[in-house]
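Below, each chain spelled out in residue letters.
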Amino acid sequence: MSSYRPLRDGWTVTRADPPDSPALPAVVPGCVHTDLLAAGIIPDPYLDANEDTLGWIGRTDWIYRTGFDWAPGGAERTDLVCAGLDTVATLTVNGAELGRTANMHRSYRFDLRPHLRPGANELSIRFDSAHRYAEALRDTLGDRPGAYPEPFNFIRKMACNFGWDWGPRLVTAGIWRPIGLHAWGTARLDQVRPLATVAGDDGRVVLHIGLERAGDAPVTVAATVAGETVRTTVPPGEHTATLQLRIPGVRRWWPRGHGSQPRYDAEVVLADAAGRPLDRWRRRIGFRSVRLDTTPDADGTPFTIVVNDRPVSVRGFNWIPDDCFPHRVDRARYATRLRQAAAAGANCLRVWGGGRYESEDFYDLADELGILVQQDFLFACAAYPEEEPIAGEVAAEAREQVVALAHHPSLVLWTGNNENIWGHADWDWAPRLDGRTWGAGYYFEVLPRIVAELDPTRPYWPGSPYSGRADLHPNDPAHGSTHIWDVWNTHDYTHYASYRPRFVAEFGFQGPPAYATLARAVRPPFEPGSAALRQRQKAEDGTGKLRRGLAGHLPEPAGFDDWHWATQLNQARAVQFGVEHLRALHPLCTGAIVWQLNDCWPVISWAAVDGDGRRKPLWYAVRRAFAERLLTVQAAPDGLDLVAVNDTGADWSGLLAVTRVTFAGDPKASVTLEFAVAPRAAVRLRLPDEVGRPDDPATELLTVSGGGATRHHFFAEDVALALPDPRYDTRITTTGTGLELTVTAGTLLRDLALFPDRLDPSSTVDDMMVTLLPGDSATFRVDTTEPLDPTALTAPPVLRCVNDLRARP
């Protein structure tokens, strides 16, 4: 049997120039930045303005070294296996060059035997500056336009390392995934590509197996799935085999909310002619069918993901790298983040094309949780050259990743790029390209050909957004997938209501991180426009857009605390407004993927979960808007509609009490509506004018109760409302995990929210943005390990509502 020996210990890192630079201890997997941080050479790049002083790291060449012992043995081959090198690397053993790499997104294997010596051996990996490499290639191939003045499109590396409108510029280098020695003989499993499908009650697995040989002896390959086994002999000289298994009575894998997520153990064993095991491959696979329905209809071109012949209404988030230093993202951190997505009601994550192919843990957890994954190939917001050496790297990378992810039932769509087809059409690229290539050959030829060859069980779509036809604008909302970014950039969030799209793969609105996250990352003062807050705002005119986004909705903030509360609230409301509008369009619109779930560092951004993992008010608003059963009040041309959306497998029916009340809680009019919604459907009910038209929009609201929920609808924006000064009573009860705070309203309280992280950074709260009429109560459950000051807990800036934005001087 082959053996694997990880190379984790004894590493050092040093600057390549000058040659006598001191060697520092290095952690592998890791990167230069975290090694320099651990050695005390640099400050934390995530704090204050430290990022601005660390650009030299990405323009420096670095050398990683370690030693290992080796003794001649029975193995015919000893290989160095590199799961991930970042990025421009030259590898040597005992002074002999093994090879060179220039792709962060590929793995590499090198035959060491010609270079090994008994006893001590030295391995050295030199990482040349990714920045300089990309700039040199740009000079050779000719410049290409991109969203930022950095050469990220000239190197196969995590693009957002070069900075983004939510991320810092920290150009990394290092051994970012495991590295080790693989000793083997006769043959090894070079590739196992399982394609699982279903037909009726039966599952079918076709396993395409590739071998690398050290000799020419016959070998056997046996595959076992769900207790069914099949084997074959691979004769001398052959390097491939295909095995097929039928699994009777298979249980199908479903997205969350549609069924369970059963998976089956799959194993492939390679053995020699005597039956001795040589190599083994193990994974867990799921059985389901998936297709993308884009059959034209009267409204345009749909974009509907169909799993097991059932259309899925996608409720999701966009995913970016969870850390600029990806080796720090372990399974526990992935589990926390994906469970936050699931707890918010999401059934889909789109892995954005400016990041990375995530680790096996990410996709395994998505399989487990029933979260669909739309995976971008890694191209984002720029024109990419189609010449060598980039072209060869792209093809090799795509082939490796399609095979690596083939066993995951959660992966339902490959997408060619993020916004590049749109950029070519709309962002004035043509004059700057001057006839040069820009990536079209990848998106329309290379990538679809690779997916069709290696994984025909999954659909491919050329880009996000993309309308599906060359004669249509690539971001036409009526066709295919679309991104909505005029809201945030130029338009108020109420503009979402003008859209009737088929599938929205990106839309969002900015807001600051939690107070505790901000307070850890930067030094005060935190006043709007201060240097501390400007350093955490990477978007073009982001501060101005936040300010303008409040206009017409909320009062001008009086200071930092009000600014922080108002901008977080406005972010939450904007996205909730957009999600509910899109879901109310069902079945016309079959997807709403919010930009974005997570952050890679502490920053003002579009994320629902900030860079320290804290849930922003947006998260709670999305949870409400992503409810499987949703009641939402939507504007209609001549009044108001009540839309009931039922994304469950059971009928939903009952009575709804709709009441128009004053802010004092006095009813003005009331009706009872009967509703019935079939599974996976929506119904629209016109509200009678007696409840849908107020006598005084400034002092009245609508309440809708029934169907397991209560919703409130205000007839005007807060700046036009006569909200009362807030009055309430509170009661604090100690629990086993912290406390419960019960608030009883003495007046109307709009969007009551609690921020216990201002008192204990480790604390969390179960709900936010609860509206109470006079006499109503709400209980907030706080998990905390610290005693919280009752006076501070029950007053601003910890306990907030919209009313106190107007009541405070």
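Analysis parameters
Residues numbered from 1 in each chain as written. Predicted model: local features only at pLDDT ≥ 70, side-chain atom pairs only at ≥ 80, totals over all residues. Heavy atoms only, no water. Helix = DSSP H or I, 4+ residues; strand = E, 2+ residues; numbered from the N terminus. Buried < 20%, exposed > 50% of the residue type's maximum accessible area, 1.4 Å probe, protein only. Pairing = 2+ DSSP bridges. Axes fitted to C-alpha atoms, helices over the stretch in contact; angles between N-to-C directions. Contact = heavy atoms within 4.5 Å. Salt bridge = Lys/Arg side-chain N within 4 Å of Asp/Glu carboxyl O. Disulfide = S-S within 2.5 Å.

Undergrad: Hey, could you run me through the environment of Thr734 in this one?
TA: With respect to the element layout, Thr734 can be found in strand S40 (residues 728–735). For Thr734, a relative accessible area of 69% corresponds to the exposed category. Spatially, the C-alpha atom of Thr734 lies 9.8 Å from that of Pro787, the residues being 53 residues apart in sequence.

Undergrad: Sorry if this is basic, but what is going on with the sheet that holds strand S33 (residues 629–636) here?
TA: Sheet strands pair by backbone hydrogen bonding; their relative direction is either parallel or antiparallel. Read from one edge to the other, the open sheet built from three strands follows the order S33-S34-S37, with strand pairing classed as antiparallel. The outermost strands of the open sheet, each flanked by one partner alone, are S33 and strand S37 (681–686). Pairs of neighbouring strands in the sheet enclose a mean axial angle of 25°, with direction left out of account. Of the pairings in the sheet, the one linking S33 to strand S34 (residues 639–646) comprises eight bridges and is antiparallel in character. Across the sheet, residue Val633 finds its bridge partner in S34, namely Leu642. In the packing of helix H13 (residues 560–584) onto the sheet, contacts are made with S33, S34 and S37, and the angle to S33 comes to roughly 95°.

Undergrad: Looking at this model, I keep getting lost on the pattern of salt bridges. Mind explaining?
TA: Oppositely charged side chains are able to pair whenever their charged atoms sit close together. Enumeration over the complete set of coordinates arrives at 64 salt bridges. Here Arg523 makes a salt bridge to Asp48, at a shortest N to O gap of 2.9 Å. Residue Arg523 is found in the loop between helix H10 (515–521) and helix H11 (531–535), and its partner Asp48 is found in the loop between helix H1 (32–38) and strand S4 (62–70); the two are separated by 475 residues along the sequence. Among the salt bridges present, the one from Glu453 reaches Arg399, with a minimum N-O distance of 2.8 Å. Here Glu453, found in helix H8 (residues 440–454), pairs with Arg399, found in helix H5 (residues 390–404); they are 54 residues apart in sequence, far enough to count as distant. Taking the relative accessible area as the measure of exposure, Glu453 reaches 44% and is therefore partly exposed. On the basis of relative accessible area, Arg399 is assigned to the partly exposed category, the value being 34%. Here the salt bridges share partners, and the residues they tie into one network are Arg77, Asp79, Arg109, Asp111, Arg188, Asp190 and Glu212.

Undergrad: Got a minute to help me understand the state of the cysteines in this structure?
TA: The term disulfide refers to a covalent linkage connecting the sulfur atoms of a pair of cysteines. In this structure the tally under the stated criterion is zero disulfides. Here Cys600 stays unpaired: no disulfide links it, and the sulfur of Cys324, its closest cysteine neighbor, is 3.6 Å away.

Undergrad: Is there a simple way to explain the sheet that holds strand S42 (residues 749–754) in this structure?
TA: Judged by pairing direction, the sheet is antiparallel, and its three strands sit side by side in the order S44-S42-S46 without closing on themselves. Of all the strands in the sheet, the pair left with one neighbour each is strand S44 (770–772) and strand S46 (799–800). In terms of strand pairing, S42 meets S46 through two bridges, oriented antiparallel. Looking at the pairing, Ala753 lines up with Arg800 of S46. In the packing of H13 onto the sheet, contacts are made with S42 and S46, and the angle to S42 comes to roughly 105°.

Shape descriptors only; they carry no functional weight alone.
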